[in-house]
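Structural overview
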Amino acid sequence: MKFRVQAGPDAATTVVFEPWGEEHELAPGDHIDVDFPLAADGELTMGVEYGPGRIVLHQEVIATARVWDSSGREIDVV
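These lines cover the structure that appears in this document, whether it is placed above or below. (Residues numbered from 1 in each chain as written. Predicted model: local features only at pLDDT ≥ 70, side-chain atom pairs only at ≥ 80, totals over all residues. Heavy atoms only, no water.)

1. Concerning the overall build of the protein
Going by this rule: Each helix is a run of H or I in the DSSP string that is no shorter than four residues. Each strand is a run of E no shorter than two, and both are numbered from the N terminus. C-alpha atoms define the radius of gyration, and 2.2 Å times the number of residues to the power 0.38 defines the globule rule. Exposure categories follow from relative accessible area, calculated using a 1.4 Å probe and restricted to protein chains: below 20% of the type maximum is buried, above 50% is exposed, and the middle band is partly exposed. Residue contacts follow a heavy-atom distance rule, with two residues in contact if any of their heavy atoms lie within 4.5 Å.
Each helix and strand in the protein was counted, giving zero helices and eight strands. The linear arrangement of helices and strands in the protein, starting from the amino end, is β-β-β-β-β-β-β-β. Taken against the 2.2 N^0.38 rule, which gives 12 Å for 78 residues, the C-alpha radius of gyration of the protein at 12 Å falls within 12% of a compact globule. The C-alpha extent of the protein, read off along each of the three principal axes, is 40 × 25 × 20 Å. Every one of the 78 residues in the protein was classed for burial, and the buried ones make up 36%. Pairs at least 24 residues apart make up 50% of the contacts formed inside the protein by residues separated by at least 6 positions.

2. Examining the pattern of salt bridges
Note the cut-off: We count a salt bridge whenever a side-chain nitrogen from Lys or Arg sits within 4 Å of a carboxyl oxygen from Asp or Glu.
Inspection of the entire model under this criterion finds three salt bridges. Between arginine 66 and glutamate 74 there is a salt bridge, with its nearest N and O atoms 2.9 Å apart. Residue class for arginine 66 comes out partly exposed when judged on its relative accessible area of 39%. Among the residues examined, glutamate 74 registers a relative accessible area of 39% and is labelled partly exposed. The residue aspartate 69 makes a salt bridge to arginine 73 at a minimum N-O spacing of 3.1 Å.

3. Here's the deal with the side chain of threonine 13
You can see threonine 13 is positioned in strand E2 (residues 13-18). What threonine 13 contacts, discounting residues up to four positions off in sequence, is Ala7, Gly8, His24, Glu25, Leu26, Gly53, Arg54 and Ile55.

4. A word on the sheet that holds strand E6 (residues 54-59)
Defined as follows: Pairs of strands are assigned from DSSP output, requiring at least two bridges between the strands. To obtain an axis, a line is fitted to C-alpha atoms, over the contacting stretch when the element is a helix, and the angle between two such axes runs from 0 to 180 degrees between their N-to-C directions.
The strand order across the open sheet formed by four strands is E3-E2-E6-E5, and the pairing between neighbours is mixed. Every other strand in the sheet has two partners, leaving strand E3 (22-26) and strand E5 (46-51) as the edge strands with one partner each. The sheet shows a mean angle of 15 degrees between the axes of neighbouring strands, taken without regard to direction. In terms of strand pairing, E2 meets E3 through five bridges, oriented antiparallel.

Right under this line is the structure:
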């Protein structure tokens, strides 16, 4: 499943990838594109928590997530 995470226009946002514990800081207005794999049965296996300045992406099945910054460069999160 592919989706975009974007920081608000006025403040930086920390994106946390669980269960790996990796963090990525987004500048105000910046974004990353994320591709989390689906489970073998095609079900979505992730959850999202968010609060001021922080977004936590939980991957329930240990698998390789791919992430790209706003310039298209791949970021290693696992």
